[in-house]
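# Understanding the architecture of this molecule
Spelled out from the first residue to the last, the chains are:
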Amino acid sequence: MRVYDKFYINGEWVDPVTPKSLEVINPATEQVCATISIGSAADVDKAARAARAAFASYGRSSRDERIALLTAVVETYQKRYNDIADAISEEMGAPTRLAVDAQAASGLGHLSTALEILKTYEFEEMAGNSRIIKEPIGVCGLITPWNWPINQISCKVAPALAVGCTVVLKPSEVAPLSGYLFTEVMHEAGVPAGVFNMINGDGAGVGTAISSHPEIDMVSFTGSTRAGSLVAQNAAPSIKRVTQELGGKSPNIILEDVDLEAAVTRGVMHMYNNTGQSCNAPSRMLVPRSLLEQAEAIAAAVTGSVVVGDPKAEETTMGPVVSEAQFNKIQGLIQAGIDEGAKLVCGGVGRPEGLEHGYYVRPTVFSKVNNDMTIAREEIFGPVLVMMPYDSVEEAIAIANDTPYGLAGYIQGNNGDEVMDVASRIRAGNISINGTSGDLNTPFGGYKQSGNGREWGAHGFTDYLEVKALSGAA
């Protein structure tokens, strides 16, 4: 069993100010797989002050110095790659193939992408008679979730360090193992003392302290919309910058002229990726009413091909959800769909047959869902797809936008002009057309209650920078 009872502050592994431990549960076995320490406001204060002191020099470091540092981080991450993938699988139930090919890969990808961008990024430009300089904002508090743990850590840490910021990181206490290994990578790579700090803890104790601390200049938060609202409220008295990537209830509009089998298959499989635990999952499939029954049959067949089971088993394509709390929430929402009269195409409440232990959910498809139903309004964050009929493209667009969220949208159709017209009218930050998703240079973020700011690629540098105008400078 892993024992990760230290925090990383000012270049050293240190004990918490007040000892308090938390057991980490392996969601595939429901057994304790690790213990971590839970921090407090006192630990955050130590880390924030260390980061502030380090910013005095790191904030003025040269591009070449930061390139050398990120190069060392990338090389060290590569050496620990398999360890990180194993930790992700253990802490949040990702099947081994997903942990290796996507989860751990995303961490390396964001680090490598930030490194390449840094080499040519324009930190200065002329505008009229003024020299415009982009400078690091300062000390950044980074609060990350459990569903794509290393993806979200690296897409925040990489641009922050690239532009010259110092950081205080709080990984999710639900899935903290990979974050601990990431911290070991930073230490082994020689990140200067105080530039990167890590404290484990919960939202109430550590998250609140980070978002309200006067020495922290900006907070980047990924998580639920409810928690994001609290972060913003806590940050408001000190007028610090807050960027957020929050919830989603993303529509997947199937247009009438598309290859229905290919489009529905893509949508269903995407929904089940990462056991439905992705904020941009295409959880609302909008289908022409005349094609709904055919689409239901395709969705049921695709769902039948999903292999739910032990993340370590080679044949597994979908693991458990992350925790008992998530399992219970999803079960309650599936039951709500049944109670409110949605058509249950396949799946339902309970565990899949043969799985008596672990937080395994039956991959589930509902049909004949309307936007007044709970399962159409709430982010389920599990392998549950709702299919919604529409009678016109105008109605499909109205249904798609009838949500407080606006993170992602999906459109599938053969008429390029129609597809682009629909895409322009969907109020969301990321639109995927005919199964094509963005790469690591694509800005990621949402409209409305899905958050503000953008991560990934060159756009991901922006929120970590202040803009200074020098008028009359040589």
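Position numbers for residues start from 1 in each chain and track the written sequence from start to end. Local features in this predicted model are restricted to residues of pLDDT 70 or higher, and side-chain atom pairs are both shown and tallied only at a pLDDT of 80 or more, whereas totals for entire chains, interfaces and linings draw on every residue. Values reported for side chains reflect all heavy atoms of the structure, with hydrogen atoms and water molecules removed beforehand.

An unreviewed UniProt entry lists the protein under the name aldehyde dehydrogenase (NAD(+)), from Seongchinamella sediminis. In its Catalytic activity (unreviewed entry) section, the UniProt entry covering the protein states "an aldehyde + NAD(+) + H2O = a carboxylate + NADH + 2 H(+)". UniProt positions are given in the numbering used here, feature names are shortened, and annotations may be inferred rather than shown by experiment. As recorded by UniProt, the Sequence similarities (unreviewed entry) comment attached to the protein reads in full: "Belongs to the aldehyde dehydrogenase family."

## Re the overall build of the protein
Numbering of helices and strands runs from the N terminus; a helix is a DSSP stretch of H or I covering at least four residues, while a strand is a stretch of E covering at least two. A count of helical and extended segments in the protein gives 14 helices and 23 strands. Between the two quantities, the radius of gyration covers C-alpha atoms and the globule rule is 2.2 Å times the number of residues to the power 0.38. Relative to the compact-globule value of 23 Å for 474 residues, the protein shows a C-alpha radius of gyration of 23 Å, a close match. For the C-alpha atoms alone, the extent of the protein along its principal axes is close to 65 × 60 × 40 Å. The classification of residues rests on relative accessible area computed with a 1.4 Å probe and restricted to protein chains. Under 20% of the type maximum is buried, over 50% is exposed, and intermediate values are partly exposed. When each of the 474 residues of the protein is scored for burial, the buried share is 58%.

## A short note on empty space enclosed by the protein
Lining residues are those with an atom within 4 Å of a point, where the points come from a 1 Å grid over the protein atoms alone and group into cavities, where a 1.4 Å probe fits but cannot get out, or pockets, open sets with protein on both sides within 12 Å along at least five of seven lines. Grid points are joined across faces, edges and corners, and a volume is the space filled by probe spheres set on the points. Counted according to the given criterion, the structure contains five cavities of 30 Å³ or more. Considering only enclosed or pocket space, the largest cavity measures out at about 70 Å³ in volume. In this structure, the largest cavity is lined by H110, T113, A114, I117, C155, P159, W456, G457, G460 and F461. For the lining of the largest cavity, the elements supplying multiple residues, two or more each, are α4 (96-120) and α5 (149-163). At four residues, α4 tops the list of elements feeding residues into the lining of the largest cavity.

## Examining the UniProt feature "domain: Aldehyde dehydrogenase" (unreviewed entry) in the protein
Under the UniProt annotation, "domain: Aldehyde dehydrogenase" (unreviewed entry) lies at residues 13-469. Secondary structure within residues 13-469 divides into 40% helix and 20% strand; the distance between the first and last C-alpha atoms comes to 40 Å.

## Here we look at helix α14 (residues 416-425)
Within the sequence span of α14, burial applies to V419, V422 and A423. All buried residues of α14 lie within an arc of 100° about the axis, which places them on one face of the element. Exposed residues lying more than 90 degrees from the buried face of α14 are D417, M420 and S424. Here, two residues are considered to be in contact whenever any of their heavy atoms come within 4.5 Å of each other. If you follow the buried residues of α14, they end up packed against β13 (251-254), α13 (393-401), β19 (408-412) and β20 (430-433). Throughout this description, a polar contact denotes any pair of N or O atoms lying within 3.5 Å of each other; where both atoms belong to protein, one of them has to be capable of donating a hydrogen while the other can accept it, and for residues adjacent in sequence the pair is counted only when both atoms sit in side chains. Measuring from the side-chain oxygen of the N-cap residue of α14 to the backbone nitrogen of D417 gives 3.1 Å; that N-cap residue is N415. Arc definition: directions from the helix axis to the C-beta atoms.

## A look at unusual backbone geometry
The backbone of I239 shows a phi angle near 55°, a positive value even though the residue is not glycine. Position of I239 relative to the elements: it lies in the loop between α8 (225-235) and β12 (241-245). Despite not being glycine, F381 has its phi angle at roughly 60°, a positive value. Relative to the helices and strands, F381 resides in the loop between α12 (374-377) and β17 (384-390).

## Quick word on α13
Within the span of α13, buried status applies to A396, I397, I399 and A400. The buried residues of α13 occupy an angular sector of 165° when the element is viewed end-on, so they sit on one face. Residues of α13 that are buried in the fold lie against β13, β14 (284-288), β17 and α14.

## Quick word on the side chain of T364
Locating T364 in the fold gives a position in strand β16 (residues 364-367). Overall, the relative accessible area of 0% leaves T364 in the buried class. There is a polar contact of 3.0 Å between the side chain of T364 and the backbone nitrogen of G348. Among residues more than four places away in sequence, those in contact with T364 are Y272, I334, L344, C346, G347, G348, P383, V384 and L385.

## Concerning the pairing of strand β5 (residues 31-37)
Within β5, five of the seven residues are buried, which leaves it mostly tucked inside the rest of the structure. Here a strand pair is declared whenever DSSP counts at least two bridges between the two strands. As paired strands, strand β1 (residues 2-4) and β5 are joined by three bridges and run parallel to one another. In the strand pairing of β5, V3 is matched with T35. One ladder, built from six bridges, connects strand β4 (residues 21-26) with β5; its direction is antiparallel. Bridging across to β5, L22 finds its partner in I36. Where β4 hands over to β5, the hairpin turn is made up of four residues, of which E30 adopts a positive phi near 65°.

## Brief notes about the nonpolar core
Counting 73 residues, the largest nonpolar core has Y77, F182 and F196 as its most contacted members. Either an automatic procedure or a domain database provided the assignment from which the domain bounds are taken. Per-domain counts for this core show at least three residues from each of domain 1 (2-246 + 450-471) and domain 2 (251-433). In this description, a nonpolar core means a group of buried Ala, Val, Leu, Ile, Met, Phe, Trp, Tyr and Cys residues linked to one another through side-chain atoms lying within 4.5 Å. Within the second largest apolar cluster, 31 residues are counted, among which are F327, V386, I399 and V422.

## Some thoughts on a nonpolar patch on the surface
Only residues whose relative accessible area exceeds 30% and that form no salt bridge are eligible for patches; like-charged ones are grouped when within 9 Å, while nonpolar side chains (Val, Leu, Ile, Met, Phe, Trp, Tyr) are grouped when within 5 Å. In short, Shrake-Rupley with a 1.4 Å probe defines the accessible areas, and a residue's cover is counted only from the protein chains shown. Throughout this description, the term salt bridge denotes a Lys or Arg side-chain nitrogen within 4 Å of a carboxyl oxygen of Asp or Glu. A cluster of nonpolar residues, M1, V3 and V32, forms a patch on the protein surface that exposes about 290 Å² of accessible area. Checked against the element boundaries, V3 lands in strand β1.

## A closer look at the domain arrangement of the protein
Each domain of the protein was delimited in the assignment, giving domain 1 (2-246 + 450-471) and domain 2 (251-433). A C-alpha centroid distance of 31 Å is found between domain 1 and domain 2. With 24 residues of domain 1 at the interface, the matching set in domain 2 holds 27 residues. Between domain 1 and domain 2, a total of about 2,000 Å² is buried, with carbon and sulfur atoms accounting for 54% of that surface. When residues of domain 1 are sorted by the area they lose upon contact with domain 2, E30, W146 and S450 head the list and together hold 27% of the total. As a working definition, buried area equals the accessible area (1.4 Å probe) given up by two parts on being put together, with both sides summed.

## Overview of the sheet that holds β5
Taken in spatial order, the three strands of this open sheet run β1-β5-β4, and their pairing is mixed. Either end of the sheet is taken by a strand with one partner, and the two such strands are β1 and β4. Mean inter-strand twist for the sheet, computed between neighbouring axes without regard to direction, equals 25°. Helix axes use the C-alpha atoms of the stretch in contact, all axes being lines fitted to C-alpha atoms, and the angles between their N-to-C directions lie in the range 0 to 180 degrees. Contacting β1, β4 and β5, helix α3 (residues 81-92) crosses the sheet at an angle of about 95° to β1. In the packing of helix α6 (residues 177-188) onto the sheet, contacts are made with β1 and β5, and the angle to β1 comes to roughly 65°.

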